[in-house]
Amino acid sequence: MIVSMQDKGEALLSKCSKGFKSLVRRKQVDSVHVRREGHQLARKLTALDLTAIGVGTTIGAGVYVLVGTVAREHTGPALTVSFLIAGLAAALSAFCYAELASRCPSAGSAYHYTYICIGESVAWLIGWSLFLEYTIGGAAIARGISPNIALFLGGEGNLPAFLVRHTIPQLGVVVDPCAAILVLIVTFLLCAGIKESSLVQTIVTTLNVCALLFIIVAGGYLACKTGWVGYELHGGFFPFGLNGMLAGSAIVFFSYIGFDAVTGAAEETKRPLRDLPLGIGMTLTLCCILYMLVSVVIVGLVPYYALNPDTPISSAFSANGMQWAAYIVTAGAVTALCASLMGSLLPQPRLLMAMARDGLLPAFFSDISTRTHVPVKSTVTTGMLAAVLAFFMDVSELSGMVSVGTLLAFTVVAISILILRYAPPEEVPLPSSLQQFIDSVRKQLDDDSQSMERKEFNDVDIVEQSPSQSDHGEASIQYPLIEKQFSEGNQDKQNPQRRRNIAVWNIALFCIGVLVLTSAASAEYLPSLVRFSLGTVGAAILLCSLVVLACLNQDEARHSFGHTGGFLCPFVPFLPAACILINAYLLMSLGVGTWIRVSIWLIMGALVYISYGWRHSSLTNAVYVPMAYLDHIYRASSSHQV
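Residues numbered from 1 in each chain as written. Predicted model: local features only at pLDDT ≥ 70, side-chain atom pairs only at ≥ 80, totals over all residues. Heavy atoms only, no water.

The protein is annotated in an unreviewed UniProt entry as Cationic amino acid transporter C-terminal domain-containing protein from Gossypium tomentosum. Entered under Subcellular location (unreviewed entry) in the UniProt record, the comment concerning the protein runs "Membrane". (UniProt positions renumbered as here; feature names shortened; annotations may be inferred.)

Okay, structure coming up:
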């Protein structure tokens, strides 16, 4: 009876252990060894195309509204500095994305990187969050286009009747046919092919940039004529102080969200190792320069307290006798929204395709058109869903959920950089169909290793032949070089694994410290003493773990991880650590209502994963082998096929 209960307990423990391991199983970086079945995405994009996608996605209509609200309530004339600080903060994430994009240039962006570096369950939650972000983001952008089109035409009365918003009396829902039609048009463009859609994106983005350049040049000319009255104030350059300027930086940080859309087109890039980091860098640099120049001009034209919070740029020109400029500003806002809509809907089908390839979603989403070489089924599905949302729902209240998805992705990408540098995966999954080659190569390499050990043992056999030298201490005196070689060999085998364990624990402790510190900093409802105590503990854990990581050597296996020769993130571990800290603070600063809605969505995602993804994962029956065996196994399998 006792034996039977022990067996049941061991079986249960084994099953739990296997279940936990399946949650953290990691997939292999796509490489020359991986041959995907079916048709491939077309590699047609250049660095210029990627920059157009990134800039178009990043510069939305927010800049046309944001400058007025932030300047009036937080920064005053220091708005330019806030944009600069926010741009530098976004650059931390951009550096991390650039390295992972060049090492792992496949569709899926943050989901793909998380699956490789952290594990399947976390990757699923990131993919699930990004799916929500792209859907709600696209619907929200589409709902914002129709009022701007109406404003450009002189009012809603000038819109065709079938495009005008109207209310369904029985439901009390305001429907927006114009938004839904725009989403369907963009969906059709994305189905036509990546080169065709990127060409349209480039044209629309160019028009948007030209509108911003008009604002900068014409506004600068007016400001020079009027003497830059916005800067001649008694309150000085920082009327709200340093805290106001930093609060403004936290708000305008979200205007840089969108550069990660570049990595969504990784599989369609001609030279990913060069073009992906270049596209990310050019996107962020161009956006930061444009934001800063626009803010310099607008807060110089009109005193910050006189800016219109709804139409700050148009009202600034109108106040200086250029009412006609409002048409150009409105046209710029429309083109900005159209470019952002295309940028929001582009990565989503590729994300679904990547998740379907990994077995976490039905294979339906992984189909690629033989004619256009794009995932048409995924594109149509996501486009229809976004169109329905844009038609029926005002999703502005859910916009905070978009920020959660993006910030979670930024955070796990930075954590992935730390894992890649200090504890990259030692084993890779292979299909069970290669089991015979795996066993053959493992046996061959083990035999070679044993024969090598016997050879080394015979070379020093004289140590054992003399009774007077049987003592370990005497042997070390008689043959010091032999003893040194043995001790160094053992150290080489033990130290790397020990160093990896230390690195993994300190990465985990650093994340815990960040969580405690940012939670204490944002928990205004707690007593000051409790917040200070928690913050101190979190800061101590954070700093100690960061110091240990800085003192550790990075893993040598990082050089051969993924595709080599691309961009490398500088200042590791400090830059990824700063990225994690900033993004975690912004996450914790979001409202409780947002987190409740996000939690419900993530719980739904966990249920979908348990019921489908976990059971159908392509890694369910995978065999994990050491990285050193990989080339031998593929060589053996290819020679067998020949």
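Chemist: Give me the overall build of the protein: which residues, what numbers.
Modeler: Across its full length, the protein carries 24 helices and 4 strands. A buried classification covers 49% of the 642 residues belonging to the protein. Sequence separation of at least 24 residues holds for 85% of the intrachain contacts in the protein that already meet a minimum separation of 6. Of the roughly 30000 Å² that the protein leaves accessible, carbon and sulfur atoms contribute 66%. (Helix = DSSP H or I, 4+ residues; strand = E, 2+ residues; numbered from the N terminus. Buried < 20%, exposed > 50% of the residue type's maximum accessible area, 1.4 Å probe, protein only. Contact = heavy atoms within 4.5 Å. Areas by Shrake-Rupley, 256 points an atom, 1.4 Å probe, with all protein chains shown as cover.)

Chemist: Can you tell me about helix α15 (residues 376-392), naming the residues and giving the values?
Modeler: Along its 17 residues, α15 runs 24 Å from first to last C-alpha, staying within 8% of the 24 Å computed at 1.5 Å per residue. Considered for burial, the residues of α15 that qualify are Ser378, Thr379, Thr382, Gly383, Ala386, Ala387, Leu389 and Ala390. The arc that holds the buried residues of α15, viewed along the axis, is 165°, so those residues lie on one side. Those residues of α15 that are buried lie in contact with α6 (120-153), α7 (177-192), α13 (325-345) and α14 (347-357). (Expected span 1.5 Å × (residues − 1). Arc of directions from axis to C-beta.)

Chemist: Give a description of the packing of aromatic side chains that names residues and reports values.
Modeler: All chains considered together, the criterion is met by 23 aromatic pairs. Ring centres of Tyr97 and Tyr113 lie 6.3 Å apart, and the angle between their planes is 75°; this geometry places the pair in the edge-to-face category. Taken together, the residues Tyr97 in helix α4 (residues 79-103) and Tyr113 in helix α5 (residues 110-117) connect sequence positions 16 residues apart. Given the relative accessible area of 1%, Tyr97 is considered buried. With centroids separated by 5.7 Å and ring planes inclined at 80°, the aromatic side chains of Tyr97 and Phe410 adopt a geometry described as edge-to-face. Taken as a pair, Tyr97 in helix α4 and Phe410 in helix α16 (residues 399-422) lie far apart in primary sequence, 313 residues in all. Accessibility classification places Tyr97 together with Phe410 in one group, the buried group. Chaining the aromatic ring pairs together yields one cluster made of Trp124, Trp128, Phe131, Trp601 and Tyr609. (Phe/Tyr/Trp six-rings, centres within 6.5 Å; stacked < 30°, edge-to-face > 60°.)

Chemist: Please provide a residue-by-residue account of the state of the cysteines, values included.
Modeler: With the rule as written, the count across this model stands at 0 disulfides. Not part of a disulfide, Cys104 finds its nearest cysteine sulfur in Cys117, a span of 6.0 Å. Free of any disulfide, Cys579 has its nearest cysteine sulfur in Cys96, 4.7 Å distant. (Disulfide = S-S within 2.5 Å.)

Chemist: Account for the pairing of strand β4 (residues 623-626), naming residues and giving values.
Modeler: Because side chains alternate across β4, one face comprises the buried residues Val623 and Val625, and the other comprises Tyr624 and Pro626, none of which is buried. Inspection of the sheet shows strand β3 (residues 427-430) paired to β4 by 4 bridges, in the antiparallel sense. The residue bridging Leu430 from the neighbouring strand is Val623, located in β4. (Pairing = 2+ DSSP bridges.)

Chemist: Break down the side chain of Arg558 for me, with residues and values.
Modeler: Within the fold, Arg558 resides in the loop between α21 (528-551) and α22 (574-589). This buried residue, Arg558, is left without a salt bridge; Glu556 holds the nearest opposite charge, at 4.4 Å. Of note is the side chain of Arg558, whose polar atom sits 3.2 Å from the side chain of Gln554. Among all residues touching Arg558, those that are not within four sequence positions of it are Arg103, Leu420, Arg421 and Pro424. (Lys, Arg positive; Asp, Glu negative; His and termini not counted. Salt bridge = Lys/Arg side-chain N within 4 Å of Asp/Glu carboxyl O. Polar contact = N/O pair within 3.5 Å; in protein donor to acceptor, adjacent residues only side chain to side chain.)

Chemist: How would you summarise the packing of α13 against α14 if you had to cite specific residues and measurements?
Modeler: Closest axis-to-axis distance for the α13/α14 pair is 4 Å, and the angle between their directions is 5°. Accordingly, the angle class assigned to the pair α13 and α14 is roughly parallel. Contacts between α13 and α14 involve Gly343, Ser344 and Leu345 from the first element and Pro347, Gln348 and Pro349 from the second. When its residues are assigned to classes, the contact of α13 with α14 shows 3 nonpolar, 3 polar and no charged. (Axes fitted to C-alpha atoms, helices over the stretch in contact; angles between N-to-C directions. Parallel < 35°, antiparallel > 145°, perpendicular 65-115°, else oblique. Nonpolar A, V, L, I, M, F, W, Y, C, P; charged D, E, K, R; others polar.)

Chemist: Could you give an account of the pattern of salt bridges, naming the residues involved and the relevant values?
Modeler: Per the counting criterion, the structure on display carries 13 salt bridges. Between Glu99 and Arg421 there is a salt bridge; the shortest N-O distance is 2.9 Å. Residue Glu99 is located in helix α4, and its partner Arg421 is located in helix α16; the two are separated by 322 residues in the primary sequence. Each member of the pair Glu99 and Arg421 is classed as buried. A cluster of three or more residues bridged by salt bridges with shared partners is formed by Glu426, Arg499, Arg500 and Asp555.

Chemist: So, the nonpolar core: which residues are in play, and what are the values?
Modeler: Within soluble globular proteins, side chains that are nonpolar tend to cluster in buried spots. Of all hydrophobic cores here, the largest spans 151 residues; its most connected members are Tyr64, Tyr97, Ile215, Ile313, Phe317 and Leu341. Top contributing element to this core by residue count: α16, with 15 residues. Leaving out residues up to four positions away in the same chain, Ile313 has contacts with Val63, Tyr64, Val67, Ile215, Val294, Ile298 and Val329. Counting residues in each nonpolar core, the second largest holds 11 residues, with Val428, Leu430, Phe437 and Val625 among its members. (Core = buried A, V, L, I, M, F, W, Y, C linked by side-chain atoms within 4.5 Å.)

Chemist: Just give me the short version of a nonpolar patch on the surface, but keep the residues and values in it.
Modeler: Side chains of Phe152, Leu153, Trp324 and Tyr327 sit close together on the surface and give an oily, nonpolar patch of about 430 Å² of accessible area. When you line up the elements, Leu153 lands in helix α6. (Patch = residues over 30% accessible without salt bridge, like charges linked within 9 Å, V, L, I, M, F, W, Y side chains within 5 Å.)

Chemist: Which residues make up the confidence of the model for the protein, and what values do they have?
Modeler: In the predicted model, the protein carries a mean pLDDT of 84, and 86% of its residues have values of at least 70. Note that residues 460-493 has pLDDT below 50 and, in this model, 19 contacts with residues that lie over four places away or in other chains. (pLDDT = per-residue confidence, 0-100.)

Chemist: For the packing of α16 against helix α23 (residues 592-616), give the residues involved together with the corresponding values.
Modeler: Axis separation between α16 and α23 bottoms out at 9 Å; the angle between their running directions is 65°. α23 is crossed by α16, and the crossing has right-handed handedness. Between α16 and α23, the contacting residues are Gly400, Met401 and Val404 on the first element and Thr594, Trp595, Arg597, Val598 and Trp601 on the second. Taken together, the residues that form the contact of α16 with α23 break down as 5 nonpolar, 2 polar and 1 charged. (Left-handed = near helix turned anticlockwise from the far one by under 90°.)

Chemist: Could you give an account of α14, with specific residues and numbers?
Modeler: Most of α14 is tucked away, with 10 of its 11 residues classed as buried. Along α14, the residues that are buried comprise Pro347, Gln348, Pro349, Arg350, Leu351, Leu352, Met353, Ala354, Met355 and Ala356. Buried residues along α14 sit in contact with α5, α6, α8 (194-226), α10 (261-264), α13 and α15. Among the residues trailing α14, Gly359 stands out with phi positive, at a value near 85°.

Chemist: Pulling in residues and values, what's your account of unusual backbone geometry?
Modeler: What is expected of a backbone is that most residues other than glycine have negative phi and most peptide bonds are trans. Residue Pro573 follows Val572 across a cis peptide bond; omega there is 15°. Its location among the elements puts Pro573 in the loop between α21 and α22. Notably, His373 is not glycine yet its phi reads approximately 60°, a positive angle. Relative to the helices and strands, His373 is located in the loop between α14 and α15. One non-glycine residue with positive phi stands out, namely Phe571, at about 55°. One can find Phe571 in the loop between α21 and α22.

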